[in-house]
Amino acid sequence: EDQVTQSPEALRLQEGESSSLNCSYTVSGLRGLFWYRQDPGKGPEFLFTLYSAGEEKEKERLKATLTKKESFLHITAPKPEDSATYLCAVQPEYGNKLVFGAGTILRVKS
Amino acid sequence: DAGITQSPRHKVTETGTPVTLRCHQTENHRYMYWYRQDPGHGLRLIHYSYGVKDTDKGEVSDGYSVSRSKTEDFLLTLESATSSQTSVYFCAGGAGEGTEAFFGQGTRLTVV
């Protein structure tokens, strides 16, 4: 069964305090791994797609990396506006569904 | 929202009544998805479509049906609403094949 586990469930950071969010997955062949950001009351907003181990993608203070069993979302010098729920999803090799983790709630205090 | 519009945005309905949620897209996405989001569970797939009149079940499909008569529209029907179907429902669309999906703003459904 395809499964995605995100940790921690919640993370509180001070502004400028860098950290990482984890997404571990078991999947029958990985077609793609996706990171989304979700603000309260809104739909998930696409951030990154990663396809193969060793791949990295960056956007502003965010950097996503991928290994064969997990992905990390590194947040460098976060700001309060980075506060959101971050969702990880995988697309198995067979089928076009996205399987999501439960998300990590990030709060950045000034 | 990348061209995904959901309606209504909020709905309160009574147990046992049928309910239809609508998703409209303007991006010609081949694949469309309905998810529900509940605390502690994340997003769970209800049904998805891979073309007009082509649909398949997700992991939580019991009590739900879908229809897609046009590329642009994907309807989710709760045949007889129950309190356990109180949730936030999200529609998404994408090209599939390892590419990202784009989400609508969600519909908050309360079954009383």
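Data block above holds the structure.
Engineer: Give a description of the environment of Thr65(A) that names residues and reports values.
Structural biologist: Residues and elements named next belong to chain A. Along the chain, Thr65 falls in strand E7 (residues 62-66). You can call Thr65 buried: its relative accessible area is 13%. Spatially, the C-alpha atom of Thr65 lies 5.9 Å from that of Glu55, the residues being 10 residues apart in sequence.

Engineer: An account of the nonpolar core is requested, with residue identities and associated values reported.
Structural biologist: Counting 22 residues, the largest nonpolar core has Leu33(A), Trp35(A), Leu73(A) and Tyr86(A) as its most contacted members. Mapped onto this core, the elements with two or more residues apiece are strand E2 (10-14), strand E3 (19-26), strand E4 (30-38), strand E5 (45-50), E7, strand E8 (70-75), strand E9 (84-92) and strand E11 (104-109) of chain A. Of the residues forming this core, the biggest block, 4 residues, is contributed by E9(A). Counting 18 residues, the second-largest nonpolar core is a separate cluster that includes Val19(B), Trp34(B), Cys91(B) and Leu109(B).

Engineer: Quick rundown of the sheet that holds E7(A)? Include the residues and the values.
Structural biologist: All names here are of chain A. One open sheet holds the 5 strands; their spatial order is E1-E3-E8-E7-E6, and the pairing between them is antiparallel. The open sheet is flanked by strand E1 (3-7) and strand E6 (56-59), the only strands paired with a single partner. Along the sheet, successive strands turn relative to each other by an average axial angle of 15 degrees, direction set aside. As judged from the 5 bridges shared by E1 and E3, these two strands associate in the antiparallel manner.

Engineer: Any chance you could break down the pairing of E5(A) for me, citing the residues and the numbers?
Structural biologist: Residue and element names in this part refer to chain A. Both E4 and E5 contribute to a ladder of 5 bridges, which runs antiparallel. Residue pairing across strands places Tyr36 opposite Phe46, the latter belonging to E5. As consecutive antiparallel partners, E4 and E5 are separated by 6 residues, and within that stretch Gly41 has a phi angle of approximately 75 degrees, a positive value.

Engineer: Go over the sheet that holds strand E1 (residues 4-7) of chain B, please, and point to the residues and values.
Structural biologist: Residues and elements named next belong to chain B. One open sheet holds the 4 strands; their spatial order is E1-E3-E8-E7, and the pairing between them is antiparallel. Strands at the two margins of the open sheet, each flanked by one partner only, are E1 and strand E7 (64-70). Averaged over all adjacent pairs, the angle separating strand axes in this sheet is 20 degrees, with direction ignored. Bridge count for E1 against strand E3 (residues 19-25) is 4 bridges, and the pairing is antiparallel.

Engineer: How would you explain the interface of chain A and chain B if you had to name every residue and give the values?
Structural biologist: Counting residues at the interface gives 19 residues for chain A, matched by 23 residues for chain B. For the pair chain A and chain B, the summed buried area comes to about 1,600 Å², and 53% of that belongs to carbon and sulfur atoms. When the buried surface of chain A facing chain B is broken down by residue, Asn96(A), Lys97(A) and Phe100(A) rank first, second and third, together holding 32% of it. Between chain A and chain B we count 1 salt bridge in total. Taking the shortest distance from any N to any O, the salt bridge between Glu97(B) and Arg31(A) comes out at 3.5 Å. The tally of links from chain A across to chain B stands at 9 residue pairs in polar contact (both at pLDDT 80 or more). Of all the secondary-structure elements, those providing two or more residues to the side of chain A that touches chain B are E4, E5 and E9 of chain A. Within the side of chain A that touches chain B, the residues separate by chemical class into 9 nonpolar, 7 polar and 3 charged.

Rules behind the numbers
- Residues numbered from 1 in each chain as written.
- Chains lettered and ligands numbered in written order.
- Predicted model: local features only at pLDDT ≥ 70, side-chain atom pairs only at ≥ 80, totals over all residues.
- Heavy atoms only, no water.
- Helix = DSSP H or I, 4+ residues; strand = E, 2+ residues; numbered from the N terminus.
- Buried < 20%, exposed > 50% of the residue type's maximum accessible area, 1.4 Å probe, protein only.
- Core = buried A, V, L, I, M, F, W, Y, C linked by side-chain atoms within 4.5 Å.
- Pairing = 2+ DSSP bridges.
- Axes fitted to C-alpha atoms, helices over the stretch in contact; angles between N-to-C directions.
- Contact = heavy atoms within 4.5 Å.
- Buried area = accessible area lost by both parts, 1.4 Å probe.
- Salt bridge = Lys/Arg side-chain N within 4 Å of Asp/Glu carboxyl O.
- Polar contact = N/O pair within 3.5 Å; in protein donor to acceptor, adjacent residues only side chain to side chain.
- Nonpolar A, V, L, I, M, F, W, Y, C, P; charged D, E, K, R; others polar.

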